[in-house]
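The lines below spell out each chain.
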Amino acid sequence: MSETRSDGELLRAIAADGDRHAFEELYRRYAPWLTARMRSRCADAAIVDDVVQETFLAVWRGSARYREEGDVAGWLWRIGARRLVDALRGDGARGRLRQALARLRHRDEVSAEERVLAGVEHGDLAGALIRLSPELRAVLQATVIDGLSTREAAVVLGIPPGTVKTRAMRARKQLREALA
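Conventions adopted
- Residues numbered from 1 in each chain as written.
- Predicted model: local features only at pLDDT ≥ 70, side-chain atom pairs only at ≥ 80, totals over all residues.
- Heavy atoms only, no water.
- Phe/Tyr/Trp six-rings, centres within 6.5 Å; stacked < 30°, edge-to-face > 60°.
- Helix = DSSP H or I, 4+ residues; strand = E, 2+ residues; numbered from the N terminus.
- Buried < 20%, exposed > 50% of the residue type's maximum accessible area, 1.4 Å probe, protein only.
- Expected span 1.5 Å × (residues − 1).
- Arc of directions from axis to C-beta.
- Axes fitted to C-alpha atoms, helices over the stretch in contact; angles between N-to-C directions.
- Parallel < 35°, antiparallel > 145°, perpendicular 65-115°, else oblique.
- Contact = heavy atoms within 4.5 Å.
- Nonpolar A, V, L, I, M, F, W, Y, C, P; charged D, E, K, R; others polar.
- Core = buried A, V, L, I, M, F, W, Y, C linked by side-chain atoms within 4.5 Å.
- pLDDT = per-residue confidence, 0-100.
- Salt bridge = Lys/Arg side-chain N within 4 Å of Asp/Glu carboxyl O.

Engineer: Just checking my understanding: could you explain the packing of aromatic side chains for this structure?
Structural biologist: Centre distance and the angle of the planes are the two values used to describe a pair of aromatic rings. Here the structure, examined in full by the defined rule, presents four aromatic pairs. Aromatic side chains Y27 and F56 sit 4.8 Å apart centroid to centroid with 70° between the ring planes, which places their arrangement in the edge-to-face category. Here the residue Y27 occupies a position in helix α2 (residues 20–39), and F56 occupies one in helix α3 (residues 45–61), the gap between them amounting to 29 residues. By relative accessible area, which is 28% here, Y27 ends up partly exposed. Through pairs of rings, three or more aromatic residues link up here, namely F23, Y27, F56 and W60.

Quick look at the structure:
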């Protein structure tokens, strides 16, 4: 019985030697989790399966490099989320934004995201988003469009979770004001 290798050891073996066994172990470890996460963002199982395969293909080919910062799950999610966005581009920005908003409709107050959707319909979204600082736009992208949790967004963006929460609150406030 072989010893279980850490995620970092697996990724180093894949990058250095093209170790197929390491790749298979990494795939078995994370593919079910990534698939489940992707299915919560996209109802089309074929698209999800393609995105998961493309994510791991990027790891195998070395086009996605792990810099040993943060956890591997967050890194894989970031790759997968970007590929999912690319796959869904055919639906357009409104479709993706509506999907994100559908998950947020449990609030009584009109959310900043719902106002963003109204902005899409009235044509002033681009202006409102461009007026946000790059830091606020990045948090909005990670948490609303990519659907990352605060912790995941913190890992992806390389900032503390409290900073993610603060920037998200500021971004929502500025969007509310811009789109009112």
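So that's the structure; there's more coming.
Engineer: Honestly, helix α10 (residues 161–179) in this entry has me stumped. Any pointers?
Structural biologist: Think of an α-helix as turning once every 3.6 residues; residues three or four places apart then point the same way. The terminal C-alpha atoms of α10 lie 27 Å apart, and with 19 residues this matches the ideal 27 Å at 1.5 Å per residue to within 8%. Three or more residues of α10 are buried, namely V164, A168, A171, R172, L175 and L179. Here the buried residues of α10 occupy an arc of 100° about the axis, which is enough to place them on one side. Exposed side of α10, more than 90 degrees from the buried face: M169 and E177 are the residues found there.

Engineer: Any chance you could explain the packing of helix α8 (residues 134–145) against α10 here in plain terms?
Structural biologist: Helix packing geometry: the angle between the two helix axes and the distance between the axes. Relative orientation of the contacting elements α8 and α10 amounts to 100°, with a least axis distance of 9 Å. With respect to α10, the element α8 is oriented roughly perpendicular. Between α8 and α10, the residues in contact are E135, L136, V139, L140, T143 and V144 and V164, R167, A168, R170, A171, R172, Q174 and L175, respectively. Of the residues contributing to the contact of α8 with α10, the split by class is eight nonpolar, two polar and four charged.

Engineer: Could you clarify how one ought to interpret the nonpolar core in this entry?
Structural biologist: For soluble globular proteins, the rule of thumb is that nonpolar side chains tend to be buried together. Counting residues in each nonpolar core, the largest one holds 35 residues, and the members touching the most others are L26, M38 and F56. Looking at this core, the elements that each hand over two or more residues are α1 (7–17), α2, α3, α4 (72–88), α8, α9 (150–157) and α10. With nine residues, the top contributor of residues to this core is α4. Core analysis: the next-biggest nonpolar cluster, separate from the first, contains eight residues, A128, A171, L175 and L179 among them.

Engineer: How should the confidence of the model for the chain be read in this particular structure?
Structural biologist: Close inspection of predicted coordinates is inappropriate for parts of the model with low pLDDT. Mean pLDDT over the chain: 78, with 74% of residues reaching 70 or higher. Mean pLDDT per element in the chain: helix α5 (residues 92–102) is the minimum at 54, and α2 is the maximum at 92.

Engineer: How should I be thinking about α3 in this particular structure?
Structural biologist: With 17 residues, α3 should cover 24 Å at 1.5 Å per step; its first-to-last C-alpha distance of 24 Å lies within 8% of that length. Among the residues of α3, V48, V51, V52, T55, F56, A58 and V59 are the ones counted as buried. The buried residues of α3 occupy an angular sector of 150° when projected down its axis, which confines them to one face. Its buried side turned inward, α3 meets α1, α2 and α4.

Engineer: Would you explain the pattern of salt bridges in this entry?
Structural biologist: When the charged atoms of two side chains lie near each other, side chains of opposite charge can form a pair. Across all of its chains, the model carries seven salt bridges by this definition. Here D49 makes a salt bridge to R39, at a shortest N to O gap of 3.2 Å. You can see D49 sitting in helix α3 and its partner R39 sitting in helix α2, a full ten residues away along the chain. Residue classification places D49 among the partly exposed positions, given a relative accessible area of 35%.

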